[in-house]
Amino acid sequence: MHDLLGQTRSIVRQHYALFTPQGLVRAAHPAWPGATCAVVIAPALGARFTMLLVELDADGCGQRTQPADELLIFVRSGSVQVDLNAQVVAVGEGGFVYLPPQQNYAITTECAASLLIFQRRYTPLAGVALPELIAGHAHKVACTPFLGDEAALLQTLLPATPAFDLAVNIFTFQPGAALPIVETHVMEHGLLMLEGQGIYRLGDAWHPVQAGDVIWMAPFCPQWFVAVGKVPARYIYYKDVQRE
Ligand code: UGY
Ligand code: MN
C-alpha cells in the first residue's frame, strides 16, 4: 500500500528522529549474512551508537565484524542459538544477550528470528576490567516503580556497574501514566516501542507513537512520554552511562 500522498509519521530533526516500521528499507549487512537488516540509528544520523533491526530466516546467521564493539541483542520473536566457542546459549522471545568487546560468537536460528541490536564501540575505563557476557530474559528482570510511580515500571537489563558504558532498560506504562518530568540530559537514547501507544514529546513537538516505532534522541533533546489507549505501553531503550 502506498503512503497517502507521500505522508508519514517518520521525521528526522537535528536532535531526534522518529521512524515508523512501514518506512524502513532493509538491506544486506556484512555482520549478518543471509539476513535482512534495517540500520535505524547510526553515526550517519549523528548518533554515537548503532541500532539495528535484523530479520533472520533459517539460513541467516550473525558473526563478529567489529572486534572493539559491544552488542546487546534482544530477541523480538523467534529464537536464536549464540555459539560462544566454549558454550552455546539459547535465547528465545523476550530474551537478551550482552556480548562484550572481543567476545567471538556465531548466531544461528533453526526457524526464523527478529532481533533488536544496540551496538557501539566500547569505551574502556582505566583500572576497570571489561564487562562480562550476560544472558537473561526480560520476564526475569525485576520491575521497579519509576521515582515511586507504580504505573511506570522500569527494568534494567544490565548491571549498573562502572564496567558497563551502556544501559538497556524496559519501561512499562499503564494507560495514562507518564514520565514525571520533561527530561533533558547529556545521555542519548535509541528506543523501540514494543507494545501499545502514546505521545512522545521530542524537542518542541508532540508525536503520536505506537508499537514498532523507533526513536533516536540526541544528547539534551527534551523528552517526555505519556501512554494512551486501553493497553499498557512498553518500550526498550539504550542509554550511554558511567563515562565522562
Ligand atoms: O533513562 C531515561 O533517561 C528515561 N527516563 N528516558 C526516557 O524514557 N525517555
Ligand atoms: Mn531519558
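Check the entry above for the structure.
What you see is a predicted model; the values in this text were computed from it and never measured.

> Now, about the coordination of the manganese ion (ligand 2): what can you tell me, with residues and values included?
Around the manganese ion (ligand 2), the protein supplies Glu183 (OE), His185 (NE2), His189 (NE2) and Gln223 (OE1) as donor atoms, at distances of 2.1 to 2.3 Å. Given six donor atoms and angles of 77 to 174° at the metal, the environment of the manganese ion (ligand 2) is assigned as octahedral. In the primary structure, the donors to the manganese ion (ligand 2) are separated according to the pattern E-x1-H-x3-H-x33-Q. In this pair, Glu183 is assigned in the loop between β15 (166-173) and β16 (189-195) and Gln223 in strand β20 (residues 223-228), connecting sequence segments 40 residues apart. The exposure class of Glu183 is buried, given its relative accessible area of 14%. Residue classification places Gln223 among the buried residues on the basis of a relative accessible area of 1%.

> How would you summarise the sheet that holds strand β18 (residues 205-210) if you had to cite specific residues and measurements?
Pairing is antiparallel across the open sheet formed by three strands, whose spatial order is β18-β17-β20. The strands lining the two open edges of the sheet, one partner per strand, are β18 and β20. Strand after strand, the sheet turns through a mean of 25° between neighbouring axes, direction not considered. With six bridges joining them, strand β17 (residues 197-202) and β18 adopt antiparallel strand pairing. Residue pairing for β18: Tyr200 is matched across the bridge by His207.

> Which residues make up the sheet that holds strand β4 (residues 50-56), and what values do they have?
As summarised here, the arrangement of the six strands in space is β3-β4-β11-β6-β9-β12, forming an open sheet in which the pairing is antiparallel. Each edge of the open sheet carries a strand with a single partner, namely β3 (36-41) and β12 (134-137). In this sheet, adjacent strand axes meet at a mean angle of 20° when their direction is disregarded. Across four bridges, strand β9 (residues 95-99) lies against β12 in antiparallel orientation. Within the sheet, the bridge partner assigned to Tyr98 lies in β12 and is Ile134.

> How would you summarise the environment of Arg76 if you had to cite specific residues and measurements?
Counting through the fold element by element, Arg76 comes out in strand β6 (residues 69-78). On the basis of relative accessible area, Arg76 is assigned to the partly exposed category, the value being 26%. For the pair Arg76 and Phe146, spaced 70 residues apart in the sequence, the C-alpha separation amounts to 24 Å. Residues in contact with Arg76, not counting those within four places in the same chain, are Leu53, Glu93, Ser114, Leu115, Leu116, Leu192 and Gly212.

> Before we move on, could you go through the environment of Thr36 and cite the residues and values that matter?
Structurally, Thr36 is set in strand β3. It is 9.4 Å that separates the C-alpha atoms of Thr36 and Val25, two residues lying eleven residues apart in sequence. Among all residues touching Thr36, those that are not within four sequence positions of it are Arg26, Ala27, Leu53, Val54 and Glu55.

> Just give me the short version of empty space enclosed by the protein, but keep the residues and values in it.
Summed over the entire model, instances satisfying the criterion amount to one cavity of 30 Å³ or more. Within this model, the largest cavity holds a volume of roughly 30 Å³. Together, Ala31, Gln63, Arg64, Thr65, Gln66, Leu71, Tyr105 and Gln119 line the largest cavity. In the lining of the largest cavity, the residues fall into three nonpolar, four polar and one charged.

Procedures and definitions
- Residues numbered from 1 in each chain as written.
- Chains lettered and ligands numbered in written order.
- Predicted model: local features only at pLDDT ≥ 70, side-chain atom pairs only at ≥ 80, totals over all residues.
- Heavy atoms only, no water.
- Donors = N, O, S within 2.8 Å, 3.2 Å for Na, K, Ca; no water.
- Tetrahedral: all angles 85-135°; square planar, octahedral: opposite > 155°, others 65-115°.
- Helix = DSSP H or I, 4+ residues; strand = E, 2+ residues; numbered from the N terminus.
- Buried < 20%, exposed > 50% of the residue type's maximum accessible area, 1.4 Å probe, protein only.
- Pairing = 2+ DSSP bridges.
- Axes fitted to C-alpha atoms, helices over the stretch in contact; angles between N-to-C directions.
- Contact = heavy atoms within 4.5 Å.
- 1 Å grid on protein atoms, 1.4 Å probe; cavity = no way out; pocket = protein on both sides within 12 Å on 5 of 7 lines; lining within 4 Å.
- Points joined across faces, edges and corners; volume = space filled by probe spheres on them.
- Nonpolar A, V, L, I, M, F, W, Y, C, P; charged D, E, K, R; others polar.

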